[in-house]
Each structure stands twice: as structure tokens, then as C-alpha cells.
Amino acid sequence: MAKFDIIAATGCPTGIAHTFMAKEALEKAAAERGLTIKVETHGQVGVENELTKSEIAGAKAVVVAADKDVQAERFAGKPMVSVGVSKALSVEAAGKLIDRALAAKGDDTVAAAADVEDDVEEKESIGHIIYKHLMNGVSHMLVFVVAGGVLTAVSFLWGITSFDSTASDYNSFAAMLKIIGGIAMNLMVPVLSAYIAESIGKRPALVPGFVAGMIAIQGLPVNADTGMIDAGGAGVGFGFLGGIVGGFLAGYVILLLEKVFAGLPKNLDGLKAIFLYPLFSTAIVGLVMLGISGAMAAINTAMMDFLKGLSASGAVVLGLAIGCMCAFDMGGPVNKAAYVTGTAMLTEALAAGVGTDTYNFGTNFMAAVSAACIVPPLITTFAVVVGKKYFSQEDHDAGVVNLILGCTHITEGAIPFMTKNIWPVMPIMMLGSSIASILTIMFNVHDPAPHGGFLVLPVVENGPLWVLAILIGAVIGGILFVAFKKYDFEKNHKAAPAAKPVEAPKAAAVEAPKAEASDFVKVENVFVAEDFASRDEALSFVSNQAVKAGIAGDADAVMNAFLAREAEGTTGMMEGFAIPHAKSDAITEAAVIVVKDDSGVTGWDTMDGAPVNVAIALLIPGAQAGTTHLKILSKVAEALMDEDFRATVKGSTDAAEIAKTINARLV
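Since the model is a prediction, treat every value here as computed from it, not as a measurement.

About the criteria used
- Residues numbered from 1 in each chain as written.
- Predicted model: local features only at pLDDT ≥ 70, side-chain atom pairs only at ≥ 80, totals over all residues.
- Heavy atoms only, no water.
- Helix = DSSP H or I, 4+ residues; strand = E, 2+ residues; numbered from the N terminus.
- Rg over C-alpha atoms; globule rule 2.2 N^0.38 Å.
- Buried < 20%, exposed > 50% of the residue type's maximum accessible area, 1.4 Å probe, protein only.
- Contact = heavy atoms within 4.5 Å.
- Areas by Shrake-Rupley, 256 points an atom, 1.4 Å probe, with all protein chains shown as cover.
- Lys, Arg positive; Asp, Glu negative; His and termini not counted.
- Charge placed at Lys NZ, Arg CZ, Asp CG, Glu CD.
- Pairing = 2+ DSSP bridges.
- Arc of directions from axis to C-beta.
- 1 Å grid on protein atoms, 1.4 Å probe; cavity = no way out; pocket = protein on both sides within 12 Å on 5 of 7 lines; lining within 4 Å.
- Points joined across faces, edges and corners; volume = space filled by probe spheres on them.
- Nonpolar A, V, L, I, M, F, W, Y, C, P; charged D, E, K, R; others polar.
- Patch = residues over 30% accessible without salt bridge, like charges linked within 9 Å, V, L, I, M, F, W, Y side chains within 5 Å.
- Salt bridge = Lys/Arg side-chain N within 4 Å of Asp/Glu carboxyl O.
- Phe/Tyr/Trp six-rings, centres within 6.5 Å; stacked < 30°, edge-to-face > 60°.
- Lys NZ or Arg CZ within 6 Å of the ring centre and 35° of its normal.
- Axes fitted to C-alpha atoms, helices over the stretch in contact; angles between N-to-C directions.
- Parallel < 35°, antiparallel > 145°, perpendicular 65-115°, else oblique.
- Left-handed = near helix turned anticlockwise from the far one by under 90°.
- Core = buried A, V, L, I, M, F, W, Y, C linked by side-chain atoms within 4.5 Å.
- Disulfide = S-S within 2.5 Å.

Peer 1: Please give an account of the overall build of the protein that cites residues and values.
Peer 2: Counting its regular elements, the protein contains 24 helices and ten strands. The C-alpha atoms of the protein give a radius of gyration of 29 Å, which matches the 26 Å a tight globule of 667 residues would have. Each principal axis of the C-alpha distribution contributes one length, and for the protein these read about 95 × 65 × 45 Å. Burial status across the protein gives 52% buried among its 667 residues. The contacts in the protein between residues at least 6 apart in sequence include a share of 70% that link residues at least 24 apart. Split by element, the accessible area of the protein, about 28100 Å² in all, is 63% carbon and sulfur. If you average the places of the 46 positive and of the 67 negative side-chain charges in the protein, the two averages end up 3 Å apart.

So this is what it looks like as C-alpha cells:
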């Protein structure tokens, strides 16, 4: 049985994009560090690449990057980092998680913390725990909404009233499709509630969770004549908000009952599971849900009235709110909040029936949400095609693929572009999405299907105008994105020394580590017995030495590159080491500069909180950010895991010995 240095589990609410983006990032980050890894994914098709008990037992550390339940209790006692899936979408972020997991100490909990700065995050904050439970419900719910919504929408192809046997456009097959779709849509709230509960209280919580969800749909039945509670009466449902409340209530009631019945003999465990838990939890949850039905119905009505009020304020206000939410984190919690609200509105719309105000508002709202989700990937496609020379080949290829993702309502493909330059790319995406949403509302577009992108165009009312709205948002956003990349491209090239041709240094630099690895770290670039008051003073020293050595032409540009990298996350490691790295066009050849401060540089965040004694600084030309940079960084990171290497470099005062030791690891 193969053993892995790192094991990981990833999962996002929809299980479509984030799950597998995190998997790829973790695998690449592990490869850079010379580590073996196995990543288990919890996608929409279920668990893939499942971890075995022996693989879990043999791993050095665990990374959990998930916004849903991935059974993290399996990893109890292992050194582990547990974060949301959005924290592992880039190779750099995934690498930090791996480093922190390796530095963590084994613990009996499922969220051992390693990094002092991120201690709360790694122990899983209350907010993240609640969000994870909620998203477990949402991920199970969405497939019911999509299946039911699309089937209902398809039934309209035979006519808006084709399900009605008294209407002139009646069609029996269309009627059956609408019945099936309606049943699937009506299961939305019970499934949401049940799987929120299941995430908290495991399998015993499913029963009270489903019951809570059904009560959220039906409300408290009252006899219209007597005004009394009556099982044969009618109630007012309180929608998906009630399902959320019911799910959390059911889950925590099960946890409470587990404590209450903990004193019963072990041989009664079967009785607890099949009788005591379902009976008492259903009674308690049911009574509480019926008791709060009036208040919850009022809250649900107030929320719907608020959204309709936004619409009354004009298409601009509502469209701007929808567009900004959908593009803010593109598949994250804010995006999901907008999407789930849209599906809830759509559910009410389809239940109200075609031609009603509720139907018109709900389907128009859903069309605006879908437009906002489609635009960001299309912005990147437009940008990489029109401004190809400003993007790397990797970005160009990803942008072209985003054409398919965007057209099928998968927003996450735009995330890698945003993470590289959150400002101004995020505002650009939000603007493009908002324009598409505003125009969709103004064009009176109605979308009775909750997902599918352009695949559901046949059932979209005013479909051509919807496509036009989306294209306008994508083009405007794309033009702004290209303008930013052009500005950034020209600024970086101006920072490089004009007297030195760009092409010649590139070729030489790419080959330098490969051709003369034994001399890559020059003795004259190793500085021992230095004394720095702060991290920035050390980095400034390195930047100036780079200019003196002819490695770079602008010390300020190099310093800014170092600081930009530190702003993304500290390069401080463990046991007094740091690996600062600068990527800039002001750097003309790849190089390593080593500085030592035996007294320790304070204020440099490290994984173990210790001051930095040795900084192995990497200086890489901008054009080699994905080649030479990664090769050197991975080899240095791998070397730092070797105790003999650390002891030699840290203990030596001989610059030649230090250079030789590092060069030996770069071969």
C-alpha cells in the first residue's frame, strides 16, 4: 500500500469547480516541495479518490479545505489544518497550508492549529463551522432545485399553460414533466434542512431534519372557521429560511439527546438509534418549529417584501446588488447567498403560477442572478483574446476554457484571474456582472430554470435580449480588464533597465541554475554576521546588494516585489529560516542572496514564532515566475526539511561553506 506524506480532502457546496481547483493546487504545491500527496474530493458525483484507513494512518499531516462535511473526525490525532475551500485555490495558498500542516502538532481534535497568526482559522471559527453545516445542506439541495427547475421550465416549451387540462395548449407529457419538476422543487427545503442537521448530528439527525423542513413548507395548520390548530387546516409556510433554522435546530437537538442518553447501558445503543433519538428529536423539533411558524412566516414575508422593494427602487438598485454579490467571491458564500435566494424566489414563482406577479418577479430575479454568474468567466475570455500579449500562455488557455464554463453558468473559472490581482480585477468583475443584471431586469427577461446557462435558452423569455445583456457586461468588463493588464505590463517593463535588452538576460537566466548549479549561489552574495532591526531592513539590504551585484537595476522595485510577496503571506518558515522571494522585471538574472543575523530578526512572522536567523532570498526575473522561480523555491523548501542542511547553514560563519551547502541542493 502506497504511503503519502500529505493527505487532503476538498469539497465545496456545489462540488463542481472549487473542489477540483483546490485538489489541483494542493497537488502542484506538494510536488514543488518534493512531497507525495493524495487528495480526496467530495464533489457532486460523490467521494472520489477516497482515502483508506492505512493511508490516513501513514500520512505525516492532513489538509482539509472544505465548506461541507468531509468526515474530518477520521483524521483525529493527526497534524492537521482545516480551512474553507477558497483558502486553497492557488498553488501558493495551498503550499502555505501544507507547510502549516507539517508544522502542526498532532492533537485529539480535528482542527489542530499550527500558525499563531491563523490560530483561530485553523481551529475552525464558529462562523466557519456554521457555514460548513449550512453548505452541506445547500450542496444536497441544489441538485433537486436544478433538476426540478429545468424539468418545469422544459414543460413550458409546449406552452405556458400546457400543464392545465382546461387550457387550449394542454399537453399531457408537459403536464407530467411539470408534476415531476414540482415534486423535485418541493423537496428543496426538506433536503436543505435534513442535511444541515446531518452535518451536525450525523445520521440520527436526518429524521428531525426532514420533519423540520416539511413543517417549514406547510407552516402551522389552522382551521379557517374555528381559528384553532387543526391537522386538517391550512398553514402559511416560511420557506428556505425556516429550513435553515429547522436544520440547525434538529442537529443540535440530536447532540443534546446524545448527552442526555449517554448514561444508558451500552447494550441499549440500538434502542437509542431506532427509537429514542427519532422519537424525542422529532417531537421536540416539531413542537418548536410549529411554535415559531408565525414569527418565521413574518420574517420570510418581510425578506421577500424587501427584495421586491429593491425592485421598486429601480432596476439599477436591484441589479447592482445582485451583480456585486454574485461576482464578489464567484462561487463563495456571498455568491451562494445570492444564488440560493434566487432559487428560493424561483420556487415561489413556479408555485404561484405563470402570469402572477410572484412568477414575474421570481423568474426575472433568477434571470438577473444567472446573468451575473455567467459574466465573470466571459470577461476573462474576452480579455485573453483581445489582449493576448498581456497574458501568460497559461492564463490565455484558462481564459479560452472559461468560454465553456461561463456559457454553462460556472463562475469559478474566473477565480484564478482575480486572486492574482484582487484590486482592480474584483471591482471589474462586479461591474460587468452588475451591468448584465441591470440590463436583464430592464429587458424584462424571465428565466424559469435555476441553472444551465445558455443551455436553457429555449425556455427563457426574451432570451436574445438576455444574451445581449450578458455580452454587454462581458465586453465592458473585458475592455477594463485588458486596460489594466496593459497598464501593468507597461509599468513592469519601464521598471526594467532600458540599457539592457530584455531577451538576452531571459535566455541566460533560464539556463543559469541548470548549467552551473554548483556556482548559482555566489560566495560574494552570502552575508554573515549582519544585524537587522526588522524584516524590512533585511529585505532592503538584500535589494540594495542585488543592484550592487548587477542582479537588478532598481532596488525600490525589488523591495516592492519582496513586500508584495510578504503581503500575500509570510515567507518565514521554522527554526529561524525564511525564504523571501521577489519576482520583478527589474531583476535581470535569477539569483540567491543569503543573509545571516545570529541575534535574530524580530517582527518576521514565522510558523513557530521564532525570530529569523537565516534568510535565503530568491530573486527572479518576472518572465521566469512560473519556471525558474518554482524550481529554485521547491528545492530550497525541500532542503529546509533536512535537519543536517539546517544545522550546517545556521551554524556556519563561513560564506563559502554556506554557498556550497545551498548549491549542492540546487543540483
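Further notes follow.
Peer 1: Can you tell me about the pairing of strand β1 (residues 6-11), naming the residues and giving the values?
Peer 2: Among the six residues in β1, six count as buried, and that is most of the element. Going residue by residue along β1, you find I6, A8 and T10 tucked away on one face and I7, A9 and G11 tucked away on the opposite face as well. In the sheet, β1 pairs with strand β2 (residues 37-43) via five bridges, with the strands oriented parallel. Looking across to β2, one finds that A9 is bridged to E40. Sheet topology places β1 next to strand β4 (residues 61-66); six bridges connect them, and they run parallel. Across the sheet, the residue bridging to I7 is V62, located in β4.

Peer 1: Mind laying out helix α23 (residues 643-651), listing which residues take part and the relevant values?
Peer 2: All of the buried residues in α23 are F645, R646 and V649. Taken end-on, α23 shows its buried residues confined to a sector of 95 degrees, consistent with a single buried face. Within α23, the exposed residues directed more than 90 degrees away from the buried face are E643, D644 and G651.

Peer 1: Account for empty space enclosed by the protein, with residues named and values stated.
Peer 2: Scanning the model with the defined rule gives three cavities of 30 Å³ or more in all. Taken as a whole, the largest cavity holds about 40 Å³ of empty space. Looking at the largest cavity, the residues that line it are M304, K308, M345, E348, A349, T358, F361 and G362. Of all the secondary structure elements, the ones that give two or more residues to the lining of the largest cavity are α11 (293-312), α13 (333-352) and α14 (357-386). Looking at side-chain class alone, the lining of the largest cavity contains four nonpolar, two polar and two charged residues.

Peer 1: Let's hear about unusual backbone geometry: which residues, and what values?
Peer 2: The omega torsion of the bond from W423 to P424 falls at 10 degrees, within 30 degrees of zero and hence cis. Structurally, P424 is set in helix α17 (residues 422-442). The backbone of K202 sits at a positive phi, close to 60 degrees, despite the residue not being glycine. Tracing the sequence through the fold places K202 in the loop between α7 (188-201) and α8 (206-218). Under the relative-accessibility criterion, K202 is labelled partly exposed at 30%.

Peer 1: Go over a nonpolar patch on the surface, please, and point to the residues and values.
Peer 2: Together, L271, I274, F275, L279, F280, I284 and V288 line one region of the surface with nonpolar side chains, adding up to about 620 Å² of accessible area. Looking at the secondary structure, you find F280 in helix α10 (residues 269-291). Of the residues examined, F280 reaches a relative accessible area of 37% and is grouped as partly exposed.

Peer 1: For the packing of aromatic side chains, give the residues involved together with the corresponding values.
Peer 2: In this structure the tally under the stated criterion is 13 aromatic pairs. Between F361 and F365, the aromatic rings sit 5.9 Å apart at their centres with planes inclined by 50 degrees, giving tilted as the arrangement. Within this pair, F361 and its partner F365 are both found in helix α14, separated by four residues, close to a single helical turn. A cation over a ring is seen here: K178 above F163, with NZ or CZ 4.6 Å from the ring centre.

Peer 1: An account of the sheet that holds strand β3 (residues 46-48) is requested, with residue identities and associated values reported.
Peer 2: Reading across the sheet, the five strands line up as β3-β2-β1-β4-β5 and stay open at both edges, with mixed pairing between neighbours. On the outer flanks of this sheet lie β3 and β5 (80-83), each paired with one strand and no other. Between one strand axis and the next, the sheet turns by 10 degrees as a mean value, whatever way the strands run. Sheet topology places β4 next to β5; four bridges connect them, and they run parallel. Within β5, the position partnered with V63 by the bridge is V81. Its contacts with the sheet place helix α3 (residues 91-103) against β1, β2, β4 and β5, and it is angled at close to 135 degrees to β4.

Peer 1: Kindly report on the packing of helix α1 (residues 18-32) against α3, identifying the contributing residues and their values.
Peer 2: At a minimum axis separation of 8 Å, α1 and α3 run at an interaxial angle of 65 degrees. With respect to α3, the element α1 is oriented roughly perpendicular. Our pair here, α1 against α3, has a crossing hand that is right-handed. Taken together, the residues of α3 that come into contact with α1 (itself represented by A25, L26, K28, A29, A30 and E32) are V91, A94, G95 and I98. Of the residues belonging to the contact of α1 with α3, the class tally is seven nonpolar, one polar and two charged.

Peer 1: Before we move on, can you summarise the nonpolar core with the specific residues and values?
Peer 2: The biggest cluster of nonpolar side chains holds 61 residues, and the ones touching the most others in it are L26, V63, I98, W466, I470 and F481. Top contributing element to this core by residue count: α14, with eight residues. If sequence neighbours within four positions are ignored, I98 has contacts with I6, L26, A29, A30, R33, L35, I37 and V63. Of all hydrophobic cores here, the second largest spans 57 residues; its members include V285, A338, M345 and F361.

Peer 1: Can you explain the pairing of strand β10 (residues 612-621)? Please cite residues and give values.
Peer 2: Here β10 lies mainly inside the structure; ten of its ten residues are buried. Here two bridges tie strand β7 (residues 577-578) to β10, and the two strands are oriented parallel to one another. Residue pairing for β10: F577 is matched across the bridge by V614. Two elements, strand β8 (residues 581-584) and β10, share four bridges in a ladder whose sense is parallel. Considered in β10, the bridge of K583 is made with I620.

Peer 1: Explain the side chain of D5 to me, using residue names and the numbers behind them.
Peer 2: Mapped onto the fold, D5 is located in the segment before β1. Among residues more than four places away in sequence, those in contact with D5 are G34, L35, T36, A59, K60 and A61.

Peer 1: Help me get a handle on the state of the cysteines, residues and values and all.
Peer 2: On inspection of all chains with the given rule, the structure shows zero disulfides. In this structure C373 is not part of a disulfide, and its nearest cysteine sulfur, from C326, lies 3.9 Å away. Since its relative accessible area comes to 1%, C373 is described here as buried. With no disulfide of its own, C407 lies closest to C373 among cysteine sulfurs, the gap being 14 Å.

Coordinates in, geometry out; function isn't part of it.
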